[in-house]
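Summary of the model geometry
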Amino acid sequence: MRKLLLLLLLAGVALGIGYPWYAYNFSGSELGSWRVFDRPGPYKRVTVSLKASDGPVRIFVDMQPLRSFIPAEGRTALTSVVSRDGKDVLVKTLSYVNAQAANRGSPQGPRVYRDRMGDIDPVIPGDYTFAIGPGDADGLDVAQVDIVLRKGAVSIDKRVVPAGLTLIAVSILGLMRLGRRKANPNSTPPAPKWGR
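A brief structural summary. Bear in mind the structure is a predicted one, so any value in this text is a computation, not a measurement.

What to know about the sheet that holds strand E6 (residues 100–103)
Taken together, the 5 strands give an open sheet; going across it, the order is E1-E9-E3-E7-E6, and neighbouring strands pair in antiparallel fashion. The sheet terminates laterally at strand E1 (29–38) and E6, the two strands that pair on one side only. On average, each strand axis in the sheet is tilted by 25° relative to the strand beside it, whichever way the strands run. As paired elements, E1 and strand E9 (residues 142–151) share 8 bridges and run antiparallel to each other. Across the sheet, Ser33 pairs through a bridge with Val148, a residue of E9.

Below, the structure is given as structure tokens:
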């Protein structure tokens, strides 16, 4: 029974945590990277031509702050808008709270934070304009900002993640019950044997 519960736990972790992490960060292939801000210049708009076969297109925004940056809920680091033919397709504020931070180039290189802006799905063929701007986070000095596009990104099946989390919960509860059954507090210890 313990082996079955451990297998259920591993399956739950793979479905509920591993699958969305892989799909969000590694699915598809990189379409390109564009610099939208380089200090001390202004934020620039970038226009990219997309085809229907590119979809879904996942958008990441990489930000390199000048000094140490502590992401916080309710504080917007950057604002982002994607538009096509003058109409907004995707609008999001980026806080980088759940962002992946990595050193660029070397372990001592500048710290770069990556946040996911969202997906363009479906992709209607045409020119898409990407506009990034500053947010309302006090004291945040930005050195560089890049947008990174990945084509053919996998869309997450919304039924799989809850199923994985349910498997995790069920297996943990089962393992806890097995542990209690082995160490039953109601069992009385054997009477001590006295020697001569």
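Observations regarding the environment of Ile120
Structurally, the position occupied by Ile120 is in strand E7 (residues 111–120). Owing to a relative accessible area of 1%, Ile120 belongs among the buried residues under this scheme. Remark: the alpha-carbon pair of Ile120 and Gly55, spanning 65 residues in sequence, is separated by 6.9 Å. In contact with Ile120, not counting residues within four places along its chain, are Leu50, Pro56, Val57, Ile59, Val82, Val89, Tyr128 and Phe130.

A look at the environment of Asp141
Mapped onto the secondary structure, Asp141 falls in the loop between strand E8 (126–134) and E9. Expressed as a C-alpha distance, the spacing of Asp141 and Arg39, which sit 102 residues apart in the sequence, is 9.2 Å. When residues no more than four places from it in sequence are discounted, the contact partners of Asp141 are Arg39, Pro65, Leu66 and Arg67.

Procedures and definitions
Residues numbered from 1 in each chain as written. Predicted model: local features only at pLDDT ≥ 70, side-chain atom pairs only at ≥ 80, totals over all residues. Heavy atoms only, no water. Pairing = 2+ DSSP bridges. Helix = DSSP H or I, 4+ residues; strand = E, 2+ residues; numbered from the N terminus. Axes fitted to C-alpha atoms, helices over the stretch in contact; angles between N-to-C directions. Buried < 20%, exposed > 50% of the residue type's maximum accessible area, 1.4 Å probe, protein only. Contact = heavy atoms within 4.5 Å.

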